[in-house]
Amino acid sequence: MIKDVIDKLRIYLFPPVTRRDALEIAAKKMAQADVALICHGRKPPRFHIYNEPAEPCWWIQAPWGDGRSEYALRSSRLILVGRKTGLVHYDGSANDEG
């Protein structure tokens, strides 16, 4: 009973990070406002990262932004934004090449 009250209070004081919030956090991380981002609610089966965070996350596909062609054969860029804290837990390769 006390745990339920504490959980409700925590959600009231610190509401979960919405999909829109996660996309804004990822865009700020990239320092680009007008990029195409794809946000997944759960881990897509083709993404393979090591040390996946314990916190539930938004899985955001983003362009690398390194000046190379977006059509180059390479792994996708992945940004993981925590649903509870809004922290960027991972920004790197999705290991989905091949």
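We now turn to the structure provided with this report. (Residues numbered from 1 in each chain as written. Predicted model: local features only at pLDDT ≥ 70, side-chain atom pairs only at ≥ 80, totals over all residues. Heavy atoms only, no water.)

Considering the overall build of the chain
Moving on, step 1. When helices and strands are tallied, the chain shows 2 helices and 4 strands.
Moving on, step 2. Here the chain holds 98 residues, and the buried ones make up 31% of them.
Moving on, step 3. Residue pairs in contact within the chain that sit at least 24 positions apart in sequence constitute 46% of those at least 6 positions apart. (Helix = DSSP H or I, 4+ residues; strand = E, 2+ residues; numbered from the N terminus. Buried < 20%, exposed > 50% of the residue type's maximum accessible area, 1.4 Å probe, protein only. Contact = heavy atoms within 4.5 Å.)

Overview of the nonpolar core
Generally speaking, nonpolar side chains in soluble globular proteins are found buried as a group.
Moving on, step 1. In terms of nonpolar packing, the biggest core is built from 12 residues, these being V17, A22, A26, A27, M30, L37, C39, W58, I60, A62, I79 and V81.
Moving on, step 2. Looking at this core, the elements that each hand over two or more residues are α2 (19–30), β2 (57–62) and β3 (77–82).
Moving on, step 3. For this core, the element with the highest residue contribution is α2, accounting for 4 residues.
Moving on, step 4. Among all residues touching I60, those that are not within four sequence positions of it are A22, L23, A26, L37, I38, C39, R77, L78, I79 and V81. (Core = buried A, V, L, I, M, F, W, Y, C linked by side-chain atoms within 4.5 Å.)

Here's the deal with unusual backbone geometry
Moving on, step 1. Positive phi outside glycine occurs at N51, with the angle close to 60°.
Moving on, step 2. The exposure class assigned to N51 is exposed, which follows from its relative accessible area of 78%.
Moving on, step 3. Even without glycine at this site, N95 takes up a positive phi of about 55°.
Moving on, step 4. Mapping N95 onto the fold places it in the segment after β4 (88–93).

Some remarks on the sheet that holds β2
Moving on, step 1. Ordered by their spatial adjacency, 4 strands build an open sheet running β1-β2-β3-β4, and the pairing between neighbours is antiparallel. Two strands close off the open sheet at either side, each with one partner strand: β1 (38–40) and β4. Ignoring strand direction, the axes of neighbouring strands in this sheet form an average angle of 20°.
Moving on, step 2. Looking at chain direction, β2 and β3 are connected through 6 bridges and run antiparallel. For C57, the partnering residue across the bridge sits in β3 and is G82.
Moving on, step 3. Those strands touched by α2 are β1, β2, β3 and β4, and its axis lies near 50° from that of β2. (Pairing = 2+ DSSP bridges. Axes fitted to C-alpha atoms, helices over the stretch in contact; angles between N-to-C directions.)

Some thoughts on the environment of R83
Moving on, step 1. Following the sequence through the fold, R83 ends up in the loop between β3 and β4.
Moving on, step 2. Between the C-alpha atoms of R83 and A22, which are 61 residues apart in sequence, the distance is 7.8 Å.
Moving on, step 3. Among all residues touching R83, those that are not within four sequence positions of it are P16, V17, G41, R42, E55, P56, C57 and W58.

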